Amino acid sequence: MQKRLFLTGVAAVTIFAIPNFVFAQDAGNAQVQGPPAGNFAPSSETPGAAKPLPEVQVIQQNPKPPTPRKKIAARPKPKPVPAIATTPAPMPAEVPLVGKDELPSAVGTATAVKMSPIGGSEIPLDKVPGAVSTVSSSEIARQHSDYVGDALAAQVPGIILSDLQGNAFQTNIDYRGFNSSPVDGVPQGLAVYQNGVRINEAFGDTVNYDFLPTVAINSMTIMSGNPVFGLNAIGGSLSIDMKDGFTYQGFEADARFGSYGRAQGSVQDGMRFGNWATYIALEDIHDDGFRQFGTSDIRRMYADVGVRDIGSEFHLNFTGADNKVGVAAASPVELLDQGWGDVFTTPQSTTNQMEMVALNGRVKASDTVDISGVAYYRHFNQQHVDGNLSNGTPCPILPGGELGACFGNLDGSEVLLQDTNGNNIILPPGTGSLAEIDRTSINSNSFGGSLQAVNKARLFDHRNQFLVGGSIDHGEVEFRSSAELATTGPGFIVNGGLGFVGAVGTGCDLANPADEADGCTPNGTTNTADIGPVSVKTRNTYYGLYFADTFDATDRLTLTVGGRFNVANIQISDQTGLASELNSDSTYWRFNPMVGGTYKLFDGISIYTSYSEANRAPVAAELACADPNNPCLLPSFLTSDPPLKQVVSHTVEAGLRGEKTNILSAQKIAWSAGYFRTLNTNDITNITSAITGRSSFANAGDTLRQGLEIQINYWSGSLFAYMGYNFIDATFQNDLTLSSTFSPSADADGNIFVHPGDRLPGVPAHKFKAGFDYGLTPRWRFGADLIAASDQIFFGDESNQNKPLGGYAKVNLHTSYDVTDHVQIYGLVDNLFDAHYGVYGTYFDVAASNDTFGTAFLDPRSTVPAPPITAYGGVKVRF
């Protein structure tokens, strides 16, 4: 043990000095999904082997005679499944419903599912009246995933990744047409929890998945149609449960190197000391990126200290990250034809820092009642730098003849820009077209907690689980933005230094004949510039009260009913003293019901159906940017706003699922097929502005997302194989007139016309996933994964008048070889056939680009290119 402590300390110090060893294993992990990442012997037991687990009582089991508590720990374990000739692929194991929040693991399915964000509410999967998909730590290890989205996209049929930022650590997770994104301004449609803590950030409900060390993740479960998970669960919820010293024991390291300067390492160590347990994981990743200026430096960690006794368990954990990513965003398609890694306007970078402390606890109040809860504090700081085109233009200041900077607002007013000291910005003689560097900063502190009681007493002599709980989440944010006028250089580089724009400018006299010919004549009035600086404070407080009851009406029929009452209060306060119109205090509230049931047709086959509602309140970033006459450069500039209505979803689901296991032959098949339909009322959409880079938010009527999902997973000896398919018809349901100035189909006023049935942008109608993993020998494994998606509509082409962004298919390979019982080497190839395709598409201002950079672009389409073929090699060590 002293040796392990020493090794852990050395690795923890070294990993944050240079990208080096990362230690990774799943020894002792109760969750097993897919084949093991390697077959070398762990410190406690063989990975991937079906681990005998303590027997537990759930509401669907037959009651058993009470057992004295002091004998629970000594209860004998079931005999393990016999081994076969070759190393068997693991089969899902039953998960105890005691201790820390634990979710079961099978590829794409779970044996028990939490019905609320915090633990203690688990019920068997075949009692859940909706779609559920789970990805476990062993599946993350199988794919060697270093980003949450990659692990989910490979396995969950309804998930696809898009990329507005142009960086692999900042991608959006799209689930059935609903987004979970790190980018402010993207409507957030998933409620995301880490160990029961809501991690949607306070300002824009964004989710920064780059903060989570993937080596420390125990399981991820995505569920639809359950409003108990609170605000933003209109598309579903994602629960991420981390490892601890009870679920993981051992010491592992992993070092990886490869294409585009990739060098990364991680370390994890879990130990148990009687009733106490500790766990720590650290990851350090450096990647130069395949695009210009796309360097990423990711440093993140997770640590947990836990203690358990008969009838109680508590965990104190910490998550921290310090990340800097180069975000290249979309590039004109004509520029990408010249070079797949070329970037349009730079600098573009984001620096994210986060620290979170959480306390989780669970107490058995009686033989049938469990009480559990979580409390947390979270600090988040983001600095964003973005070089852009500018609508500012050089103009002579009469009568002095000096060269100033004029800006035309959408309301028709002309502003002679001043600096932050109130002086006219004077440009150097001969200054040509202007650009600008926009900067934003977000500093937020949030805290809150949840408390829940679960009663599993029989009701009318039938098995029953009743849960009731409440939560409060409070956030305080300081938001600032500024614009610095700039010139341009070769390679679309934006160079600052011409002055930061102040809050106000001098009005221009357009009636002066000389002004029309020569520039801007000050007329003595004071106007606010659309690109002036902003400083606001926001406070948001979310309250929730929820309940859910799962009742076994018969041995085959289970009924579920529940709901949640949400209250959201959002306050915005201007700090400059010059924009009192930003001040607002908005409150939204709603009760969201759910009802559903499951019926066991045969042993191993059941059907499910449900109806549910959920709501998403507008966030501060949307409320303060809802005026089309004062658009925002998201996530930069906030303006006064008309009120926005909250989004309400109405979801219907129905499906079948089943599984069949042959223990003697080590074979198992699990499958599911389902239909879903979600109607959103008062959906919020992002509307582009005639001012380059600006946009605003508006309620855009109803939108519909409906479709089918199929998933099959198969285990046989050393073979694991899977297949998933998703079809979604995501459409507008109303006639709309939207501003899309740069769309080729826009009319003379810059508008496009949307009709019912037009497809939502960015949502492929078809998604297909398939893959396998096979043990060629007891020490050598090989596997491949296919991800394919059909075309998608460009953002800005909501009327569906233009050519869509093309579909794609890519193949990834992975292999590993166990050199010894403690050393493994592995290799990865992503995008084997070097497919070139886009993962996000929009339009840009061709005329402004040609004027500013002297280009000759004709095509207004711009896309974010997907990474080309990449290869990595690594070594993994275990003690």
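In the block above lies the structure referred to throughout.
**Student:** Would you take a moment to explain the sheet that holds strand β7 (residues 190-194) for this structure?
**Tutor:** Strands pair in a sheet through their backbones, by hydrogen bonds, and they do so in one of two ways: parallel or antiparallel. With mixed pairing, 5 strands are arranged side by side in an open sheet as β3-β9-β10-β7-β8. At either margin of the open sheet sits one strand with a lone partner, and together these are β3 (132-136) and β8 (197-198). In terms of strand pairing, β7 meets β8 through 2 bridges, oriented antiparallel. Its bridge partner lying in β8, Gln-194 is registered against Val-197. Here helix α3 (residues 148-155) sits on the sheet and contacts β3, β9 (217-223) and β10 (236-242); the angle it forms with β9, its principal contact strand, is near 55°.

**Student:** What should I look at first to understand the sheet that holds strand β6 (residues 178-180) in this one?
**Tutor:** A sheet is described by the order of its strands in space; here 3 strands give the open sequence β4-β5-β6, paired in antiparallel fashion. Because the sheet does not close on itself, it has two edges, and the strands there are β4 (159-162) and β6. Pairwise comparison of adjacent strand axes, ignoring direction, gives a mean angle of 30° for this sheet. Relative to β6, strand β5 (residues 172-175) runs antiparallel, the two being bridged by 3 bridges. Bridge assignment links Tyr-175 to a residue of β6, and that residue is Phe-178. Across the sheet, α3 touches β4 and β5, and the angle it forms with β4 is around 140°.

**Student:** Just to check I follow, could you spell out helix α7 (residues 846-853) for this structure?
**Tutor:** Because an α-helix completes one turn every 3.6 residues, residues spaced three or four positions apart along the sequence face the same direction. Taken as a whole, α7 has its buried residues at Val-846, Ala-848, Ser-849, Thr-852 and Phe-853. In a view along the axis of α7, the buried residues occupy a sector of 165°, so they form one face of it. As for α7, its buried residues are in contact with β18 (369-389) and β23 (464-489). Of the residues flanking the start of α7, the one acting as N-cap is Asp-845, its side-chain oxygen 3.2 Å from the backbone nitrogen of Ala-847. At the C-terminal side of α7, Gly-854 shows a positive phi close to 70°.

**Student:** Would you explain a nonpolar patch on the surface in this entry?
**Tutor:** Residues Phe-772, Tyr-774, Leu-776, Trp-780, Tyr-817, Val-819 and Ile-825 make up a contiguous nonpolar surface patch of about 620 Å² in total accessible area. In this structure, Phe-772 sits in strand β39 (residues 766-775). For Phe-772, a relative accessible area of 31% translates into the label partly exposed.

**Student:** Mind showing me how you'd approach the packing of aromatic side chains here?
**Tutor:** Think of a pair of aromatic rings as described by two things: how far the centres are apart, and how the planes are tilted against each other in angle. One pass over the full model with this rule turns up 23 aromatic pairs. With centroids separated by 6.4 Å and ring planes inclined at 85°, the aromatic side chains of Tyr-147 and Phe-169 adopt a geometry described as edge-to-face. Here Tyr-147 is found in the loop between α2 (137-143) and α3, whereas its partner Phe-169 is found in the loop between β4 and β5, with 22 residues between them in sequence. Relative accessible area serves as the criterion here: at 2%, Phe-169 is assigned to the buried category. Geometrically, the ring pair formed by Phe-203 and Phe-479 is stacked, given 5.0 Å between the ring centres and 10° between the ring planes. Taken together, the positions of Phe-203 in the loop between β8 and β9 and Phe-479 in strand β23 put the pair 276 residues apart, joining distant regions of the chain. Residues Phe-203 and Phe-479 agree in their burial class; the two are buried. Among the aromatic residues, ring-to-ring pairing joins Phe-344, Phe-492, Phe-844, Phe-853 and Phe-857 into one connected group. Across from the ring centre of Phe-676, 4.1 Å away, lies the NZ or CZ of Arg-176, which sits over that ring. Above the ring of Tyr-826, the side-chain terminus of Lys-876 is found at 6.0 Å from the ring centroid.

**Student:** Looking at this model, I keep getting lost on the side chain of Glu-709. Mind explaining?
**Tutor:** Considering the arrangement of structural elements, one finds Glu-709 in strand β35 (residues 703-716). Given a relative accessible area of 11%, Glu-709 falls into the buried group. Here Arg-176 takes part through its side chain, which lies 3.1 Å from a polar atom of the side chain of Glu-709. Here the side chain of Glu-709 touches Asn-726 through a polar contact of 3.1 Å, side chain to side chain. Among all residues touching Glu-709, those that are not within four sequence positions of it are Pro-157, Gly-158, Tyr-175, Arg-176, Ser-672, Ala-673, Gly-674, Phe-676, Tyr-725 and Asn-726.

What counts as what
- Residues numbered from 1 in each chain as written.
- Predicted model: local features only at pLDDT ≥ 70, side-chain atom pairs only at ≥ 80, totals over all residues.
- Heavy atoms only, no water.
- Pairing = 2+ DSSP bridges.
- Helix = DSSP H or I, 4+ residues; strand = E, 2+ residues; numbered from the N terminus.
- Contact = heavy atoms within 4.5 Å.
- Axes fitted to C-alpha atoms, helices over the stretch in contact; angles between N-to-C directions.
- Buried < 20%, exposed > 50% of the residue type's maximum accessible area, 1.4 Å probe, protein only.
- Arc of directions from axis to C-beta.
- Polar contact = N/O pair within 3.5 Å; in protein donor to acceptor, adjacent residues only side chain to side chain.
- Patch = residues over 30% accessible without salt bridge, like charges linked within 9 Å, V, L, I, M, F, W, Y side chains within 5 Å.
- Areas by Shrake-Rupley, 256 points an atom, 1.4 Å probe, with all protein chains shown as cover.
- Salt bridge = Lys/Arg side-chain N within 4 Å of Asp/Glu carboxyl O.
- Phe/Tyr/Trp six-rings, centres within 6.5 Å; stacked < 30°, edge-to-face > 60°.
- Lys NZ or Arg CZ within 6 Å of the ring centre and 35° of its normal.

This is a description of form; function is not addressed.
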